Amino acid sequence: MKKIGFIGYGSMGRVILNGFLESGMLKPFNVTVSTRTRSKLSELEKNYPDVEIAHNNIQTAQNSDIIFLFTGTSDVKNVIEEIKTYLSEKTHLVYISAALGIDMVSTIFDGKITKVIPSITSEVHEGVSLICHHESVSIEESDFVDNLFRTVGDVKIVDEADLDVGADITSCSPAFIAKIFQEFSIEASNNSTFSREEAEKMIISTLYGTSKLLYEKGYGIDDLISAVATKGGITEEGVKILDNELPELFNELFKTTIKKHQIIQSKLKEQY
Ligand SMILES: NC(=O)c1ccc[n+]([C@@H]2O[C@H](COP(=O)([O-])OP(=O)(O)OC[C@H]3O[C@@H](n4cnc5c(N)ncnc54)[C@H](OP(=O)(O)O)[C@@H]3O)[C@@H](O)[C@H]2O)c1
């Protein structure tokens, strides 16, 4: 059985590691974890006493065939430099920092590398993890990682060139979607006697139902719009407003995020 190491137990590390362990695909006694603030591991330690809490990242690296690197982007380089003499050519490094190209990471670790863009929706085992494997990763190794991420949602294998827009669609979008519905509830409240909280509650319930219709009942997006926006009706008028405003808004959003991805990537390139 492969030995698995996790370095960095923040928002994503907690969600993903707990998801893997809950699925039963990872056995706690095969897992070693280290993170900067050790006290953050107390809940994990309590729930999974067989998980090894390492004293440092080097111990995690020494124990592991696969290392999941879940630190913030700016810490990835230092951590790899710290552990790299303890890695073998068989070690498989998996990291989740969108802005860090595999080519950049390869300059400090010339081995098997996989980049994953997870989503906060993994906490409820939904949403999509985008995965990109370097050519040095074997089918068996990539299958193992893909199947682990399938325990916390869907998996889509993508070319690294598509990861920026892909990350906007799957990883940034929970915030975009929440923002859209925040504005929707504010204006709903402004135009009625509903409080913002009441409007939010109604919208969240409707959003959940809409997701179920799309995901479980197989409605296509176009079908759902036509089913609700009957010809000459009130919904159709609202949809017309969105038709006028949204294409430009989303085009602007993608232009802006793509530019930001590029700025961050070129700053990072200077460090690698
Ligand atoms: N949050 C998302 O929705 C999301 C989605 C996709 C990808 N990502 C990417 O995932 C990465 C992590 O994001 P996050 O939101 O989980 O960040 P986070 O909450 O800040 O977690 C990072 C963790 O790494 C730990 N750490 C930092 N330096 C370390 C070191 N040298 N050794 C060991 N542990 C160290 C931090 O320790 P402390 O607790 O002491 O700070 C923290 O627990 C980022 O690159 C981000 O871009 C995030």
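Parameters and conventions
- Residues numbered from 1 in each chain as written.
- Predicted model: local features only at pLDDT ≥ 70, side-chain atom pairs only at ≥ 80, totals over all residues.
- Domains from an automatic or database assignment.
- Nonpolar A, V, L, I, M, F, W, Y, C, P; charged D, E, K, R; others polar.
- Pairing = 2+ DSSP bridges.
- Helix = DSSP H or I, 4+ residues; strand = E, 2+ residues; numbered from the N terminus.
- Right-handed = clockwise from strand over helix to strand, strands pointing away.
- Axes fitted to C-alpha atoms, helices over the stretch in contact; angles between N-to-C directions.
- Parallel < 35°, antiparallel > 145°, perpendicular 65-115°, else oblique.
- Left-handed = near helix turned anticlockwise from the far one by under 90°.
- Contact = placed C-beta atoms within 7 Å.
- Core = buried A, V, L, I, M, F, W, Y, C linked by C-beta atoms within 7 Å.
- Buried ≥ 20, exposed ≤ 12 C-beta atoms within 10 Å, placed from the backbone.
- Near = placed C-beta within 6 Å.

S.K.: Summarise the domain arrangement of the protein; cite the residues concerned and give the values.
M.R.: Here the domain parsing of the protein yields domain 1 (4-158) and domain 2 (165-271). Placing the centre of domain 1 and that of domain 2 at their C-alpha centroids yields a distance of 31 Å. For the side of domain 1 that touches domain 2, the class distribution of residues is ten nonpolar, four polar and one charged.

S.K.: For the pairing of strand E8 (residues 154-157), give the residues involved together with the corresponding values.
M.R.: Consecutive side chains along a regular strand alternate between the two faces of the sheet. Pairing of strand E7 (residues 128-133) with E8 involves four bridges; the strand directions are parallel. Looking at E8, one finds that Ser129 is bridged to Val155. Traced from E7 through helix H6 (residues 139-150) to E8, the parallel crossover comes out right-handed.

S.K.: Let's hear about the packing of helix H7 (residues 163-190) against helix H10 (residues 234-271): which residues, and what values?
M.R.: Put simply, H7 and H10 touch, their axes get as near as 10 Å, and they point 115° apart. By the criterion of interaxial angle, the relationship of H7 to H10 is roughly perpendicular. Note that H7 runs across H10; the crossing there is right-handed. Contacts between H7 and H10 pair Asp164, Val165, Asp168 and Cys172 from the former with Phe254, Thr257, Ile258 and His261 from the latter. Taken together, the residues that form the contact of H7 with H10 break down as four nonpolar, two polar and two charged.

S.K.: I'd love a proper account of the nonpolar core, names of residues and values included.
M.R.: Phe6, Val33, Ile67, Leu69, Phe70, Val94 and Tyr95 are the most contacted members of the largest nonpolar core, which has 48 residues in total. It is helix H1 (residues 11-23) that provides the largest number of residues to this core, a total of five residues.

S.K.: Help me get a handle on the packing of H7 against helix H8 (residues 196-215), residues and values and all.
M.R.: H8 packs onto H7 with a crossing angle of 130° between their chain directions and a minimal axis gap of 8 Å. When the interaxial angle is binned, H7 and H8 end up oblique. Considering only the axes of H7 and H8, their crossing is right-handed. For the pair H7 and H8, contact is made by Phe181, Phe184, Ser185, Ile186, Ala188 and Ser189 and by Arg196, Ala199, Glu200, Ile203 and Leu207, respectively. Among the residues making up the contact of H7 with H8, the classes are represented as seven nonpolar, two polar and two charged.

S.K.: Go over the pairing of strand E2 (residues 31-34) with me, naming the residues and quoting the values.
M.R.: Where burial is concerned, the two faces of E2 agree: the one with Val31 and Val33 and the one with Thr32 and Ser34 are both buried. Bridge count between strand E1 (residues 4-7) and E2: four bridges; the pairing is parallel. Bridge pairing in E2 places Gly5 opposite Thr32. Chirality of the crossover, the property in question, places the unit of E1, H1 and E2 among those that are right-handed.

S.K.: A description of the site of the ligand should follow, citing residues and the corresponding values.
M.R.: The ligand sits among 27 residues. The nearest are Gly8, Gly10, Met12, Arg36 and Thr37. Those elements giving two or more residues to the shell around the ligand turn out to be H1 and helix H4 (73-83). Sort the elements by how many residues they give to the shell around the ligand and H4 lands first, with four residues. A breakdown of the residues in the shell around the ligand according to their chemical character gives ten nonpolar, 14 polar and three charged.

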